[in-house]
Amino acid sequence: MNKEWLRRSIRSFEPYDVPELKEKIIINANESPYNVFDFAEVKADFMASFAETPSFRYPDPFAKKLRAALADYVCCRPEEVLVGNGGDEIISVIINTFLDADDTLLVHAPTFDIYSIDAQIVGAKTVCVNDLPGFKRDREGLLQKVKELQPKVTVICNPNNPTGELLPLSFVEEVVQAAQNIVVVDEAYLEFAGAESIIGKLNKYDNLIVIRTLSKAFGMAGLRVGYAVAQKELIEALSLVKPVYNVSSISQIAALAVMKHSQMILQHNVPPTLAARQYLSEALNALPGVTAYPSATNFLLAQVPDGAAYVKALSEADISVRAYKAAALKNCLRITVTTMEVVKKVAEVFKKEAEYAQGGN
Ligand SMILES: *Cc1c(COP(=O)(O)O)cnc(C)c1O
């Protein structure tokens, strides 16, 4: 293919290749270990709706029933919710609604790649404020950049992927207040944080968009349902860009069944994950040369003396974790926390590797 057929903005992109994983334990994408269809109540509600879903009808473009259920869950009005084909689509819709070519996206770094990739596609530039040592956000630096640049869009990932750090709500509000333009707060992992959502302050801010998803705590990554929460005018603006029939009928009825039982699912899924996170964090931090950073999510970012050696040792134990190319994340592994059984295996591999590196056996 002639590369010049491509938009100039994407000619430098590397092909997105997902290598086929040979490991049995896949803990590289922050997926939940729990299947929503294993809850009898969810399955029954889903199957009942499924039986009444005509395949030839387009789905409801605004997912009316689902947005009402999501609004109920996050305590806002249905007009303040927009449902997307995953949080990823919400990010793309936000970028395409607000950024022109040559506009600026402001993010902290390291963070989720998708924000800057989508910005690059539309020809916008990304300005990063690097974390301080220990992957703590540079709060002063961020506030200063917001005031100095007044970027069209600022994104705060809270808690952050891949570092796990949770920022206090008061700081996030300071950013929203300092910005004259859009501030996106990505709360994909909020259910694991035991912290208050900024959605509670929605009435105060006409420039705030919150991103949430059913992919993580609810274990629905395969069904692709995420949502934006913002004041009505912003939701209407995003609706101008959203693909009309973006969320399939099947995803809508599955998400509706899940939201009907949201408290039961969270009570089942979240506490064991937090206990396993605590176990793994303590086990890793007890090892020489290994640091597991504090996390408010369902994953841990661990820094080791030799990342490649740990990835190999984990792979030999049939475990696949996420490693990084970026210099800021050198020798860092992102480990999804699933069950106690799995984290114990991970901890054992780390222990052997750390002892081996110390010259023991
Ligand atoms: C997983 C994730 C999302 C959304 O994922 P979807 O599966 O597309 O809903 C958004 N932001 C962050 C930071 C994530 O890690």
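Residues numbered from 1 in each chain as written. Predicted model: local features only at pLDDT ≥ 70, side-chain atom pairs only at ≥ 80, totals over all residues. Heavy atoms only, no water.

Participant: Would you mind going over the overall build of the protein with me for this structure?
Facilitator: A tally of regular secondary structure across the protein gives eleven helices and 13 strands. Against the 2.2 N^0.38 benchmark of 21 Å for 361 residues, the protein shows a C-alpha radius of gyration of 21 Å, consistent with a compact globule. Here the C-alpha coordinates of the protein stretch approximately 60 × 55 × 50 Å along the principal axes. Out of the 361 residues belonging to the protein, those deemed buried represent 51%. If you take every contact in the protein between residues at least 6 apart in sequence, the share linking residues at least 24 apart comes to 72%. Total accessible area on the protein is roughly 17,600 Å²; 52% of this is exposed by carbon and sulfur atoms. In the protein, the 37 positive side-chain charges and the 43 negative ones have mean positions that sit 1 Å from each other. (Helix = DSSP H or I, 4+ residues; strand = E, 2+ residues; numbered from the N terminus. Rg over C-alpha atoms; globule rule 2.2 N^0.38 Å. Buried < 20%, exposed > 50% of the residue type's maximum accessible area, 1.4 Å probe, protein only. Contact = heavy atoms within 4.5 Å. Areas by Shrake-Rupley, 256 points an atom, 1.4 Å probe, with all protein chains shown as cover. Lys, Arg positive; Asp, Glu negative; His and termini not counted. Charge placed at Lys NZ, Arg CZ, Asp CG, Glu CD.)

Participant: Where do I start with the site of the ligand in this structure?
Facilitator: The immediate surroundings of the ligand are formed by 14 residues, with Gly-87, Asp-186, Thr-213, Ser-215 and Lys-216 found nearest. Within the backbone of Asp-88, a nitrogen or oxygen atom sits 2.9 Å from an oxygen atom of the ligand. Measuring from an oxygen atom of the ligand, one finds a side-chain N or O atom of Tyr-189 at 2.6 Å. Considering the ligand on its own, with 380 Å² of exposed area, one finds that the protein chains cover 94% of that surface. Broken down by class, the residue content of the shell around the ligand amounts to five nonpolar, five polar and four charged. (Near = heavy atom within 4 Å. Polar contact = N/O pair within 3.5 Å; in protein donor to acceptor, adjacent residues only side chain to side chain. Nonpolar A, V, L, I, M, F, W, Y, C, P; charged D, E, K, R; others polar.)

Participant: Please clarify how the packing of helix H2 (residues 64-74) against helix H8 (residues 249-260) should be interpreted in this entry.
Facilitator: When two helices pack together, their arrangement is given by the angle between their axes and by how far apart the axes lie. Here H2 crosses H8 at 30°, and the two axes come no closer than 9 Å. The orientation of H2 with respect to H8, classified from their angle, is roughly parallel. In terms of crossing hand, the pair formed by H2 and H8 is left-handed. Contacts between H2 and H8 involve Lys-65, Leu-66, Ala-69, Leu-70 and Tyr-73 on the former and, on the latter, Gln-252, Ala-255, Leu-256 and Met-259. The class makeup of the residues in the contact of H2 with H8 is seven nonpolar, one polar and one charged. (Axes fitted to C-alpha atoms, helices over the stretch in contact; angles between N-to-C directions. Parallel < 35°, antiparallel > 145°, perpendicular 65-115°, else oblique. Left-handed = near helix turned anticlockwise from the far one by under 90°.)

Participant: I would appreciate a short explanation of the packing of helix H5 (residues 139-149) against helix H6 (residues 169-178) in the present structure.
Facilitator: Relative to each other, H5 and H6 sit at 15°, their axes nearing to 9 Å. In terms of orientation, H5 lies roughly parallel with respect to H6. Of the two possible hands of crossing, H5 and H6 adopt the one that is right-handed. Here Arg-139, Leu-142, Leu-143, Val-146 and Lys-147 of H5 come into contact with H6, specifically with Phe-171, Glu-174, Val-175 and Ala-178.

Participant: I would appreciate a short explanation of the environment of Val-155 in the present structure.
Facilitator: For Val-155, the position within the fold is in strand S5 (residues 153-157). Residue class for Val-155 comes out buried when judged on its relative accessible area of 3%. Along the primary structure Val-155 and Arg-7 are separated by 148 residues, whereas in three dimensions their C-alpha atoms are 25 Å apart.

Participant: When you look at the pairing of strand S10 (residues 299-303) in this model, what are you seeing that I'm missing?
Facilitator: Every other side chain in a regular strand lies on the same face of the sheet, so the side chains alternate between the two faces. With four of five residues buried, S10 is to be regarded as a mostly interior element. Note that strand S9 (residues 291-292) and S10 share two bridges and pair antiparallel. What sits directly across from Thr-291, in S10, is Gln-303. Hairpin connection between S9 and S10: a loop of six residues separates the two successive antiparallel strands. Summarising the sheet, S10 and strand S13 (residues 332-336) pair through five bridges and their orientation is antiparallel. Bridge pairing in S13 places Phe-299 opposite Thr-336. (Pairing = 2+ DSSP bridges.)

Participant: Help me understand the sheet that holds strand S6 (residues 182-186) in this model?
Facilitator: Spatially, the seven strands line up as an open sheet ordered S2-S8-S7-S6-S5-S3-S4, and their pairing is mixed. A single partner strand is all that each edge strand has here, and the edge strands are strand S2 (81-84) and strand S4 (125-130). Ignoring strand direction, the axes of neighbouring strands in this sheet form an average angle of 20°. Relative to S4, strand S3 (residues 104-109) runs parallel, the two sharing six bridges. Bridge pairing in S4 links Leu-105 to Thr-126. On top of the sheet, helix H3 (residues 87-98) reaches S2, S3, S5, S6, strand S7 (208-213) and strand S8 (226-230); it is set at about 160° to S7, its chief contact. Across the sheet, helix H4 (residues 114-121) lies against S3, S4, S5 and S6, angled at about 160° from S3, the strand it touches most.

Participant: Got a minute to help me understand H8 in this structure?
Facilitator: Within an α-helix, residues lying three or four positions from one another point in the same direction, as the helix has 3.6 residues per turn. With twelve residues, H8 ought to run about 16 Å at 1.5 Å a step, and its terminal C-alpha atoms sit 17 Å apart, in line with that. Along H8, nine of the twelve residues are buried, which leaves the element largely enclosed by surrounding structure. Those residues of H8 lying buried are Ser-249, Ser-251, Gln-252, Ile-253, Ala-254, Ala-255, Ala-257, Val-258 and Met-259. Residues of H8 that are buried sit in contact with helix H1 (40-51), H2 and helix H9 (262-285). (Expected span 1.5 Å × (residues − 1).)

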